[in-house]
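Below are the chains, spelled out letter by letter.
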Amino acid sequence: MAEKKDQYIVAYIADYDKADTVLAYSLMLSTYLRKGIILLRVCDPRYTSETTDEAQQQLIALKQRLPENVFSTYCALKGKTSEVIELLPKAFNAVAIAACVDKSNKKSACHPKNVLRDFAKCKVAYLLAQEPPKDYPSVVGKVAFSLDFKKESKDKLIWASYFPRFFGSQLWVLSYNYTDEFLRAKWYSNVKFMDKMYANLGVTHKKADLGKPKSFIDVVALQAATQLGIGLLISTTTAERDVAEYFIGVQEDRTIANEQKIPILFLNPRDDLYVLCD
């Protein structure tokens with residue numbers, strides 16, 4: 001019998017046809033972080049007419065596809081998806097969420113725009129993927145994040161450190177070569193913060209130069225990730241949009257369902273973002 005856990009990875013089942021993807025990534029996070037799994041279905045009238053009783057039967061069947069040695073349970077709730085997602089850390093002791101994205105149906109809860117809206121107030125990291133992983137090493141063997149001049153870069157440092165510590169990952173830090181003195185000074189401050197923290201944690205990392213700034217940094221980071229064999233990118237969503245971003249969009253609009261099919265672990269910049277204590 002699987003040992004009961006007090007913290008959980010939430011497998012957010014927005015589309016039963018995409019359940020394989022969500023189950024695989026939930027199990028990956030559960031295995032490496034040693035957490036239980038909660039299968040979650042939200043019966044949100046915006047996306048489905050399904051009742052909680054009907055959803056529960058589907059979740060019971062999905063639970064049977066998980067290994068017996070992994071503690072798992074399920075929950076079907078009726079309500080607004082964004083409100084349920086926001087409450088997960090407090091209600092379910094969730095430490096991370098696995099979900100899928102799919103551009104094929106704009107009315108689906110899996111569509112990138114709907115996912116970004118529903119997860120906008122999420123207080124834990126959420127891993128978004130488009131397809132099941134080939135295997136776990138192909139995902140966590142090499143993990144990367146971009147380090148720029150924004151203060152939000154620091155939000156990625158702690159979660160990024162978990163991958164070499166718990167997953168045995170090779171960690172890559174991707175940065176632009178800033179020539180503007182003001183931006184370079186702010187970027188360098190982030191670099192010093194990272195180097196000090198990682199030295200204290202005993203975390204090693206490799207660095208890659210993305211060249212001079214030419215687009216949203218994570219758009220370019222995804223292109224570099226393909227060349228480097230990166231299996232997972234850690235990213236932050238945009239805290240506050242500037243004037244230009246109101247017209248052209250934010251970088252997560254372009255990366256969430258990327259052509260490279262690389263899964264992304266997103267963090268919403270916020271003071272009460274949950275981080276692991278281990």
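Preceding block: the structure.
Figured I'd write up the structure that's included with this text.

Rules of the game
- Residues numbered from 1 in each chain as written.
- Predicted model: local features only at pLDDT ≥ 70, side-chain atom pairs only at ≥ 80, totals over all residues.
- Heavy atoms only, no water.
- Helix = DSSP H or I, 4+ residues; strand = E, 2+ residues; numbered from the N terminus.
- Buried < 20%, exposed > 50% of the residue type's maximum accessible area, 1.4 Å probe, protein only.
- Contact = heavy atoms within 4.5 Å.
- Areas by Shrake-Rupley, 256 points an atom, 1.4 Å probe, with all protein chains shown as cover.
- Lys, Arg positive; Asp, Glu negative; His and termini not counted.
- Charge placed at Lys NZ, Arg CZ, Asp CG, Glu CD.
- Pairing = 2+ DSSP bridges.
- Axes fitted to C-alpha atoms, helices over the stretch in contact; angles between N-to-C directions.
- Core = buried A, V, L, I, M, F, W, Y, C linked by side-chain atoms within 4.5 Å.
- Right-handed = clockwise from strand over helix to strand, strands pointing away.
- Salt bridge = Lys/Arg side-chain N within 4 Å of Asp/Glu carboxyl O.

On to the overall build of the protein chain. Looking only at helices and strands, the protein chain features 10 helices and 10 strands. In terms of overall dimensions, the protein chain has C-alpha extents of about 60 × 45 × 35 Å along its principal axes. For the protein chain, the residues scored as buried account for 52% of the 278 residues in total. The contacts of the protein chain with a sequence gap of at least 6 include a subset with a gap of at least 24, amounting to 79%. A total of about 13,700 Å² of accessible surface is found on the protein chain, and carbon and sulfur atoms cover 49% of it. A gap of 3 Å separates the mean positions of the 38 positive and 33 negative side-chain charges of the protein chain.

With that out of the way, let us pick up the sheet that holds strand β8 (residues 206-209). Taking strand neighbours across the sheet as the criterion, the 10 strands line up as β3-β2-β1-β4-β5-β10-β9-β6-β7-β8 in an open arrangement whose pairing is mixed. Every other strand in the sheet has two partners, leaving β3 (72-78) and β8 as the edge strands with one partner each. Taken over all neighbouring pairs, the strand axes of this sheet differ in orientation by 25 degrees on average, direction set aside. Across three bridges, the pairing between strand β6 (residues 142-146) and strand β9 (residues 232-236) is parallel. Within β9, the residue paired with A144 across the bridge is L233. Contacting β1 (8-12), β2 (36-43), β3 and β4 (94-100), helix α3 (residues 81-92) crosses the sheet at an angle of about 155 degrees to β2.

Here we take up α3. The complete set of buried residues in α3 reads T81, S82, V84, I85, L88, P89 and F92. Contact partners of the buried residues in α3: β1, β2, β3, β4 and α4 (112-118). In the stretch just after α3, N93 is the one whose phi turns positive, near 55 degrees.

With 96 residues, the main nonpolar core has I97 and F145 as its most contacted residues. Examining the composition of this core, we find that eight residues originate from one element, helix α1 (residues 19-33), more than from any other. The contacts of F145, once residues within four sequence positions are left out, are K156, L157, A160, L171, W172, V173, L174, M194, Y198, L233 and I234.

In this model, N93 sits at a positive phi of 55 degrees, which is unusual for a non-glycine residue. You can see N93 is positioned in the loop between α3 and β4. Backbone geometry places K261, a non-glycine residue, at a positive phi of 60 degrees. Mapping K261 onto the fold places it in the loop between α10 (251-255) and β10 (264-267). Among the residues examined, K261 registers a relative accessible area of 39% and is labelled partly exposed.

The next point concerns the pairing of strand β5 (residues 125-129). For β5, the buried fraction is high: five of the five residues fall into the buried class. Side chains A125, L127 and A129 project from β5 onto one buried face, and the interleaved Y126 and L128 project onto a second face that is buried too. Note: β4 against β5, five bridges, orientation parallel. Residue A99 lies in a different strand from β5, and its bridge partner there is L128. The β-α-β motif built from β4, the intervening α4 and the parallel element β5 has right-handed crossover chirality. Two elements, β5 and β10, share three bridges in a ladder whose sense is antiparallel. Following the sheet pairing, L128 is matched in β10 by I264.

This next bit is on the pattern of salt bridges. What the rule picks out here adds up to six salt bridges. A salt bridge links D20 to R65; the shortest N-O distance between them is 2.0 Å. Placement of the pair is D20 in helix α1 and R65 in the loop between α2 (52-63) and β3, with a sequence separation of 45 residues. As a salt-bridge pair, R41 and E50 come within 2.7 Å of each other at their nearest N and O atoms. An identical accessibility class is assigned to R41 and E50; each is buried.

Bear in mind that shape data such as this cannot, by itself, settle questions of function.
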